[in-house]
Amino acid sequence: MESLSPHAIALFDRMQRDNHLPTADERGVRELEAFGLAVPDPLLFGQYRPVTPQNAERVFMSRQRSAIEEALRLMASGDSVFRNLPSGPHDGRPNSNDSGIEVISHKHIATAAISAACDVATSHVYTAHPIDRTPELLPASQDRDIPMLMRGVKLWTVYLHDARDREPESGWAQTVSAYGAQIRTAEGDFTRMVIVDDKLVIIPDYRYPLEEKRAIKITNPALIPKFTEEFLQLWRRATPWHGGEFGASPDVRTTPRQRRILNLLLAGADYDAIAKKLGTSRTTITTDIKKLYDLSGATTLFMLGAWWKSDAAKRDREAAHGPEPRPYPSSAE
C-alpha cells in the first residue's frame with residue numbers, strides 16, 4: 001500500500017470533522033490503522049479514534065526505521081552466517097556478496113565510499129546529520145561538495161536546529177549555499193544517512209555504539225527507496241538555513257511589501273498601523289509576516305527584527321532602497 005484510498009481519506013475527514021468513531025469493519029479503517037492514523041479507542045470497545053497526521057507520521061516513521069534497522073541487522077548477520085558455512089561440490093553459491101548490504105568497520109572506509117560515490121554522482125546527494133560533524137572533516141567535505149554542485153548535482157542536507165549555533169557547520173553551510181546547496185534544520189530524532197543518486201545509502205551500524213562510527217553500505221535497490229522516503233519526510237518538515245544564526249542568501253527573497261512591513265515593524269508599528277499605512281487588511285499583513293517567519297527561520301517578532309538587521313538580510317535591505325526606519329509614528333506627524 002503506497003497511498004490511502006479515497007474511501008480512507010473521506011473516512012479520516014469524517015472522524016476529525018464529525019467525531020465519527022468507526023468500527024473495524026468499516027471501509028477504510030484498516031488502511032488508516034496501517035499508517036497509524038486510526039487506533040482502537042481504549043474506552044469504546046471495537047471503535048477507532050483518529051490520530052493527528054503529525055503524531056501518526058512521527059510514530060509511523062519511527063516504526064519503519066526500526067523495522068529497516070532490524071532487517072539490516074539480520075541481513076548483515078545472515079550474510080556472514082551463510083558465507084561461513086561449509087559448501088559442497090554442487091553448492092552453486094556465488095563467492096561475492098550480492099545482497100547489496102556491506103558492513104563497514106572503520107569510518108575512513110565509509111568516508112572513502114561516500115567520496116567515491118559523490119565524485120560520480122549525476123543527480124542528487126541527500127545527507128542527514130543528527131549529531132555534530134567533526135570540524136576537521138568539514139573542509140574536506142567542502143572541497144568535495146563544491147565541484148559536485150558546479151557539475152549540477154543537487155545537494156540537500158539536514159542538521160539539528162542547534163547546528164545554527166556551531167561555527168564549523170555554519171561556515172560550511174554559508175559556503176556551499178552560495179554554490180546552490182540547500183540546507184535545512186529540524187528538531188527531533190532522525191537517522192544519520194547519506195544517499196547518492198538513489199544508488200547508495202550509508203547509515204550507522206546500530207549494533208555498535210555510535211562513537212565507534214561503524215556503518216552499513218546499502219546498494220540493494222529494494223531497500224534504498226525506504227531511506228529516500230524517510231529523508232524526504234524529514235526534509236518537508238525542516239526549516240531552511242543558509243548558515244549563520246539566520247542564514248544569508250545570495251538572492252533577494254522578500255517582496256517590496258514585505259520589506260516595507262519589516263521596516264515598519266522595526267520602527268515600532270503594530271499590525272493595524274501597518275495595514276493602514278499600506279492600504280491593505282490586517283489579514284494580509286499577518287499572512288506576509290507568517291511567510292517572513294518561514295523565510296527567515298524566526299519564530300517571534302523580536303527574532304524577525306533581529307534577522308532583518310543582520311547580515312543574513314543584507315541583500316533584501318539593499319533592495320528596499322529606503323531610508324533607515326525612524327520611530328513610527330513620530331510626534332511631528
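Here, the structure is the one placed above.
Only a predicted model underlies this, so the values are computations on that prediction, with no experimental measurement involved.

Looking at this structure, I do not really get the overall build of the chain. What am I missing?
The secondary structure content of the chain amounts to 12 helices and 10 strands. In the chain, buried positions account for 41% of the 333 residues. In the chain, the share of contacts with a sequence separation of at least 24, taken over all contacts with a separation of at least 6, comes to 67%.

Sorry, what's going on with the pattern of salt bridges here?
Opposite charge on two side chains makes pairing possible when the charged atoms of those side chains draw close. Scanning all chains against the criterion turns up 11 salt bridges. Here E26 makes a salt bridge to R14, at a shortest N to O gap of 3.5 Å. Of the two residues, E26 is situated in the loop between α1 (6–17) and α2 (29–34) and R14 in helix α1; the sequence distance between them amounts to 12 residues. Take R14: its relative accessible area is 36%, and that puts it in the partly exposed class. Here the residues in one salt-bridge network are D132, D162, R166 and E169, joined through shared partners.

Got a minute to help me understand the environment of M148 in this structure?
Relative to the helices and strands, M148 is located in helix α5 (residues 138–150). A relative accessible area of 0% places M148 in the buried class. In this structure the C-alpha to C-alpha distance between M148 and A181, which are 33 residues apart in sequence, comes to 10.0 Å. Beyond its immediate stretch of four places on either side in the chain, M148 contacts C118, V125, V153 and L155.

Teacher, can you tell me more about the packing of helix α8 (residues 256–266) against helix α10 (residues 282–296) here?
If you want to describe how two helices pack, look at the angle between their axes and the distance between the axes. Where α8 contacts α10, the two axes come as close as 10 Å, and the packing angle between them is 90°. Classified by the angle between their axes, α8 and α10 sit roughly perpendicular to one another. Taken together, the residues of α10 that come into contact with α8 (itself represented by R257, Q258, I261, L262 and L265) are T284, I285, D288, I289, K291 and L292. Of the residues assigned to the contact of α8 with α10, the class counts are six nonpolar, two polar and three charged.

Looking at this model, I keep getting lost on the sheet that holds strand β8 (residues 200–204). Mind explaining?
Where strands meet in a sheet, backbone hydrogen bonds hold them as pairs that are either parallel or antiparallel. One open sheet holds the eight strands; their spatial order is β3-β9-β8-β7-β4-β5-β6-β10, and the pairing between them is mixed. Looking at strand neighbours, the two that pair on one side only are β3 (101–104) and β10 (239–241), the edges of this open sheet. Averaged over all pairs of adjacent strands, the angle between strand axes in this sheet comes to 20°, irrespective of strand direction. Sheet analysis places strand β7 (residues 193–196) next to β8, joined by three bridges and oriented antiparallel. Bridge assignment links V196 to a residue of β8, and that residue is L200.

What am I meant to see in the packing of α10 against helix α11 (residues 301–309) here?
α11 packs onto α10 with a crossing angle of 60° between their chain directions and a minimal axis gap of 10 Å. It follows from the interaxial angle that α10 and α11 lie oblique. The handedness of the crossing between α10 and α11 is left-handed. For the pair formed by α10 and α11, the contact residues are I289, L292, Y293, L295 and S296 on the first element and L301, L304 and W307 on the second. Across the contact of α10 with α11, the residue classes break down as seven nonpolar, one polar and no charged.

Help me understand the layout of surface pockets in this model?
Each pocket or cavity is described by its volume, and for the largest pocket that value is around 790 Å³. Considering the residues around the largest pocket, the lining is formed by 38 residues, among which T111, I114, H129, R192 and V194 are closest to the centre. Mapped by element, the contributors of at least two residues to the lining of the largest pocket are α3 (53–84), α4 (107–119), β4 (124–129), α5, β5 (154–160), β7 and β8. Among the elements that take part in the lining of the largest pocket, α4 stands out by supplying six residues, more than any other. When its residues are assigned to classes, the lining of the largest pocket shows 19 nonpolar, eight polar and 11 charged.

Reading the values: the criteria
- Residues numbered from 1 in each chain as written.
- Predicted model: local features only at pLDDT ≥ 70, side-chain atom pairs only at ≥ 80, totals over all residues.
- Heavy atoms only, no water.
- Helix = DSSP H or I, 4+ residues; strand = E, 2+ residues; numbered from the N terminus.
- Buried < 20%, exposed > 50% of the residue type's maximum accessible area, 1.4 Å probe, protein only.
- Contact = heavy atoms within 4.5 Å.
- Salt bridge = Lys/Arg side-chain N within 4 Å of Asp/Glu carboxyl O.
- Axes fitted to C-alpha atoms, helices over the stretch in contact; angles between N-to-C directions.
- Parallel < 35°, antiparallel > 145°, perpendicular 65-115°, else oblique.
- Nonpolar A, V, L, I, M, F, W, Y, C, P; charged D, E, K, R; others polar.
- Pairing = 2+ DSSP bridges.
- Left-handed = near helix turned anticlockwise from the far one by under 90°.
- 1 Å grid on protein atoms, 1.4 Å probe; cavity = no way out; pocket = protein on both sides within 12 Å on 5 of 7 lines; lining within 4 Å.
- Points joined across faces, edges and corners; volume = space filled by probe spheres on them.

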